[in-house]
Amino acid sequence: MNFFSYSFIFFLTFPFIKLQTTDIINGTKNLFEFDYPHITILGALTNNEHIKILNEHTNQLYSISLNHEIYLSSQSFILDSNPLLITMKLCEIGNLSHAKAIIAGRGLDENDLTLTAISYVSDFYHIPVLTIASREDLFSDKAFYNFIVRLVPPYLYEADAWFSMIRKLKYTKVVLIYSQDEEGRMVASRFQMLAEDSDIHIERMEEYESNANFTSLISNLTYEDRLLARVFIIHTRIEDTDELLSVIVRLQHLENFVWIINERSLTSNSTALFDGILGVRLHNSFNEENLLIDATKLLMNTFDKFNNHTSLFWDTKIPAINCLSTESWPYGKDLYRELLNASVINGITGNIEFNEEGDRVESLYEIINIQQGQLKVVGNYRSNTSTCYTSSMCRQIIEKTELKLDEQEIIWPNGLRRKPDGIRTRRNVSVVTIAAKPFIFVRSGNDCDPSTEVLCPRKKLNDSINDEYENFCCRGYCIDLLQELSKNLSFAYTLHLVADSKYGSCEKEGDDKHKRWDGMVGELLNYQADMIIAPLTISPERAEDIEFTKPFKYQGITILVKKTTSSSNLASFLQPFERNLWMMVLLSVHVVAVVLYLLDRFSPFGRFRFSSQQKIERGNGLTIEANTEEDALNLSRALWFTWGILLNSGIGEGTPRSFSARVLGMVWAGFAMIMVASYTANLAAFLVLDRPDASISGINDARLRNPQDNFTYATVKGSSVDMYFKRQVEFSTMYRTMESKNYLTAEDAIQDLIDEHLKAFIWDSPRLEYEAAQDCDLVTAGELFGRSSYGIALRKKDAWINPLSHAILSFHEKGFMEKLDNEWIFSKGAKECPDRSSSPATLRVNNMLGVFLLVAGGIFAGFFLLAIEIAFKRRKEKLEKEMEVSRNALLHWRKKIEKRKQRSIVYESDNQQQQQPTADTDSLNELSSNRIDHHKLSNMTNNTTNLIY
């Protein structure tokens, strides 16, 4: 028969029942003999000792109440195992004592019917009940119990202590086992709310029935492959404790396990409790005696607030509990609200205040560890159960709580002192990777070198029912990293290549909100692999569904291009000056030469003014005039002078003589010095510092931001770089340009770049730095952008996350990662490229080939001019011979003429004697004729001399 049946019988028979009052212990004074306002507390307590304590402290409260205006007394009875009798006693004492509040202790059989009976009366007549013993979770439900205020926390809040303790121990995965009853479900729900969106992941919540097979239950949870947690929280009924704990011991699930049980089981004195169990229990200061004293203080503080209340509240003639009436006390709700808002500072059990459910906010728990069959305190926890509505609000409240745990004092299952990992570590891990130089080098075959290579088969993508694999051998940066991790963390692994050769990108079909990942990420999420070790970028999109370790490689995005070479090697020495400047210099040389010639020619002090003339005898007394100045400044010597000054060559002859020409010569020398110095400086800049370099400046280059048809660039489709450009608004134009040109693999893109089918390839910096180190014709352009990192990927909350992260951080500190960088990324192998950054460039033959060709041209011009000079000389000698013949003929003719003249003179002298007058006349005519002939001969001789010289 349940309590409600008892209650129905009670209200039918109560008017005819003569109540037994032998158990009623009245207060020390009669309530109705004082004129002061007074309050009676009704005590439903466990024993006479508790009744005595209540009476003593109510009398004490009378002497210290404010202004001595409130008299606080008590009327009590001892609780019975029969809830119907409890109800009847409440009605009788309440009606006689006019009690306005009830303090309820623990029932004799510790069942919930004791407080249920009391709460039934209190709810009906709106009388607040302060319970100092009952901790059942169901009394926190205000849908059924509206006037209960508890000074002890319900078992529900031990979930807060579990949560704080697990966080303190740094466990991240738990399995929760709870009984199929109201209390078990409420505790499980509370823990689930706290763990939501936190770093604690509940891998499984297992509810068991009253007739459950515990052997099967524990075996399934501990052997299931997908369950990694080794931290088990058990909330069980007292009657199930022995069997459940015995199964755990029998299955030998002790080492590397953490077992946490609920308070009722922990304090049940079960013989099945084994060493290493953890749990919490309420501090022993929360006993009924101390709580009873704090309850009286709380009620005094509450009633003190009604000091100025209406007199009807203090009226002693109107009982608050009148079981002969169906009317409730009108001030009960006001008194209950004031109780919830009341508090006691520094009570015996600590500070007292309540949340909206009427549960105590602050409580003190002891953390218990079973050691040698005894309960040993290894810490304590002071809770804060303020009202919260979301998991984040509750966690913020819990973070303010106080937890002290001495981990060194804990003995773990199987008598171990070392704290268990709390996770089931897989010792054979399936690892997926992808071919990507220099991180993974792949070659076909199964004859792998065990010192450097690992077998990594790849599944064939076909429609065959039976899976077919191709065998490959893998080596590289990631293989060395995997082997070092395996050695340090003591796990075995099997490696395979991703079937579709993709890193992993997600796509949504239509309105479907479910993500579908391909590539390595898809295999990881589909449990085809446990771990990804590859150059996989940590991106926001991937981090939503998978979890990464600490980065093993920090990198960014850069651009790979082919080096540009000089297009005019033959004219490299002409690059310091523009074409127009060269033309001006050449023109200046010839103009200055002409001006120098003219200045020296027309100056009175020039070398074209002859100082003296001398006669050269030509036989028979004939003379030819000749100039004695051999270094006169003619036009050719003026050109030689200007070129000599410009080219800094020695000038031995043909220098200007006049002052005006010399002034111009000095100005020209200054001009030549400036031009030669400028040319030399620019020549060093163009030739010594002229190195093959990138054709673009970086990501902000105009040819990338403003797409051109003759300049193509791309990345790998579906990669993290592709997603980066898709995500960045400023690169939207570039993304649209590349979208139709992207490659399936980086290898295809790099090959097209080498073959000049692609102008620029945008990809992760480690791979492009490796390619630039291997091929001297390739170079990375600009600074890094879109900085990110590579990490090892696992499923969410995987047990290997923390161990792998710690190992990677250790590798960074020891320099192991730097060693891998130098060995695999920056190593040039057998090919040594010139270091463009630290040493000056060395001039090559093709840089100075134009100068050598100029010298060769000078040699050819010299031989050509030599041929002209030889031809001219021969022509000149021929003319000289002709002139010599003519001169000899002329001299021979002149001699004959002279002889003839002599004979004529002799003949005429003979005739002169005969004919003196006639002879005189003829002699005069002949003399004139001879003078004319002599003048003609002299002119011919001078002309011949001029032709010769």
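Just so we're clear, the structure is a prediction, and the values are computed from it rather than from any experiment.

## Examining the overall build of the protein chain
Logical step 1: Each helix and strand counted, the protein chain has 28 helices and 33 strands in total.
Logical step 2: Across the 949 residues of the protein chain, 45% fall into the buried class.
Logical step 3: Considering only intrachain contacts with a sequence separation of at least 6, the fraction spanning at least 24 residues in the protein chain is 74%.
Logical step 4: When the accessible area of the protein chain is evaluated, it comes to approximately 49400 Å², of which 52% is carbon and sulfur surface.

## Quick notes on the pairing of strand S2 (residues 71-78)
Logical step 1: For S2, the buried fraction is high: seven of the eight residues fall into the buried class.
Logical step 2: Of the strand pairs in this sheet, strand S1 (residues 38-45) and S2 are connected by eight bridges, and their pairing is parallel. Residue pairing in the sheet places Ile39 in a bridge with Leu72 of S2.

## Section: a nonpolar patch on the surface
Logical step 1: Together, Leu581, Met584, Leu587, Val591 and Val595 give the surface a local cluster of nonpolar side chains, amounting to about 420 Å² of exposed area.
Logical step 2: With respect to the element layout, Val595 can be found in helix H17 (residues 579-602).

## Quick word on the sheet that holds strand S17 (residues 441-444)
Logical step 1: If you trace the three strands from one edge of the open sheet to the other, you get S17-S21-S18, paired in antiparallel fashion. Unpaired on one side and paired on the other, S17 and strand S18 (454-455) mark the two borders of the sheet.
Logical step 2: Both S18 and strand S21 (residues 472-475) contribute to a ladder of two bridges, which runs antiparallel. For Leu455, the partnering residue across the bridge sits in S21 and is Cys473.

## Quick look at the UniProt feature "transmembrane region" (unreviewed entry) in the protein chain
Logical step 1: The sites that carry the UniProt feature "transmembrane region" (unreviewed entry) are, in the present numbering, residues 581-599, 667-689 and 848-872.
Logical step 2: The span residues 581-599 shows a helical share of 100% and a strand share of 0%, and its end C-alpha atoms are spaced 26 Å apart.

## Quick word on helix H23 (residues 746-754)
Logical step 1: Regarding H23, the residues found buried are Ala746, Ala749, Ile750 and Leu753. On an axial view of H23, the arc spanned by its buried residues comes to 95 degrees, and they lie on one face.
Logical step 2: Where the residues of H23 are buried, they touch strand S27 (553-562), strand S31 (760-764), helix H24 (765-774) and strand S32 (778-790).
Logical step 3: Note on H23: the residue one or two positions beyond its end, Glu756, has a positive phi of about 65 degrees.

## Things to note about unusual backbone geometry
Logical step 1: Pro438 follows Lys437 through a cis peptide bond whose omega is -5 degrees.
Logical step 2: Looking at where Pro438 falls in the secondary structure, it is placed in the loop between strand S16 (428-433) and S17.
Logical step 3: One non-glycine residue, Asn256, lies in the positive phi region at around 70 degrees.

## Some remarks on the sheet that holds S1
Logical step 1: One open sheet accounts for five strands, arranged S2-S1-S3-S4-S5; its pairing is parallel. Both outer strands of the open sheet, S2 and strand S5 (148-150), are each paired with one neighbouring strand and no more. Direction aside, neighbouring strands of the sheet carry axes that sit 25 degrees apart on average.
Logical step 2: Where strand S3 (residues 101-104) meets strand S4 (residues 129-131), three bridges bridge the pair, whose relative direction is parallel. Bridge pairing links Ile102 to Val129 in S4.

## Quick notes on a positive patch on the surface
Logical step 1: A grouping of Lys895, Lys896, Lys899, Arg900 and Arg903 is seen on the molecular surface, where their side chains present a positively charged patch.
Logical step 2: Tracing the backbone shows Arg903 in helix H27 (residues 845-914).

## As for the pattern of salt bridges
When the charged atoms of two side chains lie near each other, side chains of opposite charge can form a pair.
Logical step 1: Under the definition given, this model contains 32 salt bridges.
Logical step 2: With a closest N to O distance of 2.8 Å, Arg190 and Asp160 form a salt bridge. A residue pair is termed long-range when its members are at least 10 positions apart, and Arg190 in helix H6 (residues 182-195) and Asp160 in helix H5 (residues 158-168) qualify at 30 residues. This pair shows no difference in class: Arg190 is buried, exactly as Asp160 is.
Logical step 3: It is possible to trace a salt-bridge network through shared partners that takes in Glu362, Arg382, Glu402 and Lys404.

## Looking at the side chain of Gln371
Logical step 1: Here Gln371 shows up in strand S13 (residues 364-371).
Logical step 2: The buried category is assigned to Gln371, whose relative accessible area is 11%.
Logical step 3: Look past the residues within four positions of Gln371 in its chain and what remains in contact with it is Asp275, Lys376, Val378, Glu409, Ile410 and Ile411.

## A closer look at the state of the cysteines
Logical step 1: In total, this model carries three disulfides according to the counting rule given.
Logical step 2: Two residues share a disulfide in this structure: Cys448 and Cys473, whose sulfurs sit 1.9 Å from each other. For the disulfide bridge between Cys448 and Cys473, the dihedral angle about the S-S bond is near -90 degrees, and by the sign convention the bridge is left-handed. A residue pair is termed long-range when its members are at least 10 positions apart, and Cys448 in the loop between S17 and S18 and Cys473 in strand S21 qualify at 25 residues. The same class applies to Cys448 and to Cys473, which are both buried.

## Observations concerning the packing of helix H14 (residues 477-489) against helix H26 (residues 816-825)
Logical step 1: In the contact formed by H14 and H26, the axes pass within 10 Å of each other and the chain directions differ by 150 degrees. In terms of their interaxial angle, H14 and H26 are classed as roughly antiparallel. Considering only the axes of H14 and H26, their crossing is right-handed. Residues Tyr477, Asp480, Leu481 and Glu484 of H14 lie in contact with H26, whose contacting residues are Phe816, Met817, Leu820, Asp821, Glu823, Trp824 and Ile825.
Logical step 2: Grouping the amino acids of the contact of H14 with H26 by side-chain chemistry returns seven nonpolar, no polar and four charged.

## Observations concerning helix H18 (residues 635-647)
Logical step 1: Here H18 contains 13 residues, and its C-alpha end-to-end distance of 18 Å stays within 8% of the 18 Å for a straight helix at 1.5 Å per residue.
Logical step 2: For H18, every residue scored as buried is listed here: Ala638, Phe641, Thr642, Gly644 and Leu646.
Logical step 3: Asn648 lies just past H18 and shows a positive phi near 60 degrees.

## Side note on the pairing of S16
Logical step 1: Within S16, five of the six residues are buried, which leaves it mostly tucked inside the rest of the structure.
Logical step 2: Pairing of S16 with strand S25 (residues 531-532), which is carried by two bridges, proceeds in the parallel orientation. Across the sheet, residue Val432 finds its bridge partner in S25, namely Ile532.

## A closer look at the packing of aromatic side chains
Logical step 1: Within this structure, the stated rule accounts for 29 aromatic pairs.
Logical step 2: Site record: aromatic cluster; members linked through ring pairs are Phe439, Tyr477, Phe552 and Tyr790.
Logical step 3: The ring of Tyr171 carries Lys419 above its face, with NZ or CZ at 5.4 Å from the centroid.
Logical step 4: Its guanidinium or amino end placed over the ring of Phe441, Arg475 lies 4.7 Å from that ring's centre, counting from NZ or CZ.

## Re the environment of Leu156
Logical step 1: Considering the arrangement of structural elements, one finds Leu156 in the loop between S5 and H5.
Logical step 2: Leu156 sits 34 residues away from Arg190 along the chain, and the two C-alpha atoms are 7.2 Å apart.
Logical step 3: Leave out the neighbours within four places in its chain, and Leu156 touches Asp137, Met186, Val187 and Arg190.

## Points about the environment of Gly786
Logical step 1: The topology assignment puts Gly786 in strand S32.
Logical step 2: Separated by 58 residues in sequence, Gly786 and Gln728 have C-alpha atoms that sit 9.7 Å apart.
Logical step 3: The contacts of Gly786, once residues within four sequence positions are left out, are Gly556, Ile557 and Tyr724.

## Here we look at the nonpolar core
Logical step 1: Counting residues in hydrophobic clusters, the biggest one holds 98 residues, and the most contacted among them are Ile103, Ile118, Trp162, Phe191 and Ile260.
Logical step 2: Broken down by element, the residue count for this core peaks at eight residues, all from helix H10 (residues 288-304).
Logical step 3: If near-sequence neighbours (up to four positions away) are discounted, Ile103 is found in contact with Ile41, Leu42, Gly43, Ala44, Leu45, Leu54, Leu130, Ile132, Leu292, Ala295, Thr296 and Leu299.
Logical step 4: Counting residues in hydrophobic clusters, the runner-up holds 50 residues, among them Trp517, Ile750, Phe785 and Ala793.

## Digging into the environment of Gly184
Logical step 1: With respect to the element layout, Gly184 can be found in helix H6.
Logical step 2: The buried category is assigned to Gly184, whose relative accessible area is 0%.
Logical step 3: Placed 47 residues apart in sequence, Gly184 and Asp137 show a C-alpha to C-alpha distance of 9.1 Å.
Logical step 4: Residues in contact with Gly184, not counting those within four places in the same chain, are Tyr178, Ser179 and His235.

Analysis parameters
Numbering of residues starts from 1 in every chain and runs along the sequence as written. In view of the model being predicted, local features appear only for residues whose pLDDT reaches at least 70, and side-chain atom pairs are presented and counted only at 80 or more, with totals across whole chains, interfaces and linings using the full set of residues. In computing side-chain properties, one takes all heavy atoms of the structure into account and sets aside hydrogens as well as water. Secondary structure follows DSSP: runs of H or I at least 4 residues long count as helices, runs of E at least 2 residues long count as strands, and numbering of each begins at the N terminus. Note on classification: 1.4 Å probe, protein chains only; a residue is buried when its accessible area is under 20% of the maximum for its type, exposed when over 50%, partly exposed between these limits. Here, residues are in contact when the closest pair of their heavy atoms is within 4.5 Å. Each accessible area value is a Shrake-Rupley result obtained with a 1.4 Å probe; residue values ignore everything except the protein chains displayed when judging cover. A strand pair is defined by DSSP finding two or more bridges across the two strands. Residues with no salt bridge and a relative accessible area higher than 30% make up the patches, which join like charges within 9 Å and nonpolar side chains (Val, Leu, Ile, Met, Phe, Trp, Tyr) within 5 Å. The term salt bridge refers to a pairing of a side-chain nitrogen on Lys or Arg with a carboxyl oxygen on Asp or Glu at a separation within 4 Å. UniProt positions are given in the numbering used here, feature names are shortened, and annotations may be inferred rather than shown by experiment. Picture the helix axis, draw a direction to every C-beta atom, and the arc is the one those directions span. Axis definition: a line fit to C-alpha positions, over the contact stretch in the case of helices; interaxial angles, taken between N-to-C directions, run 0 to 180 degrees. For the purpose of charge, His is not counted, nor are the chain termini; Lys and Arg are scored as positive and Asp and Glu as negative. For this purpose, a charge sits on NZ of Lys, CZ of Arg, CG of Asp or CD of Glu. Disulfide assignment relies on a single distance test, namely cysteine sulfur atoms paired within 2.5 Å. By definition in this entry, angles of less than 35 degrees are roughly parallel, angles greater than 145 are roughly antiparallel, angles of 65 to 115 are roughly perpendicular, and the rest are oblique. Crossing handedness follows the turn of the near helix against the far one: under a right angle anticlockwise gives a left-handed crossing, and clockwise gives a right-handed one. Ten residue types, Ala, Val, Leu, Ile, Met, Phe, Trp, Tyr, Cys and Pro, are classed as nonpolar, four, Asp, Glu, Lys and Arg, as charged, and the remainder, Gly among them, as polar. An expected span of 1.5 Å times one less than the residue number is assigned to each helix. Aromatic pairing here means that ring centres of Phe, Tyr or Trp (its six-membered ring) are within 6.5 Å. Orientation follows from the plane angle: under 30 degrees is stacked, over 60 is edge-to-face, and everything else is tilted. Two conditions define a charge located above a ring, namely a distance within 6 Å from the ring centre to NZ of Lys or CZ of Arg, and an angle within 35 degrees of the ring normal. Nonpolar cores were defined as sets of buried Ala, Val, Leu, Ile, Met, Phe, Trp, Tyr and Cys residues, with membership established by side-chain atoms within 4.5 Å.

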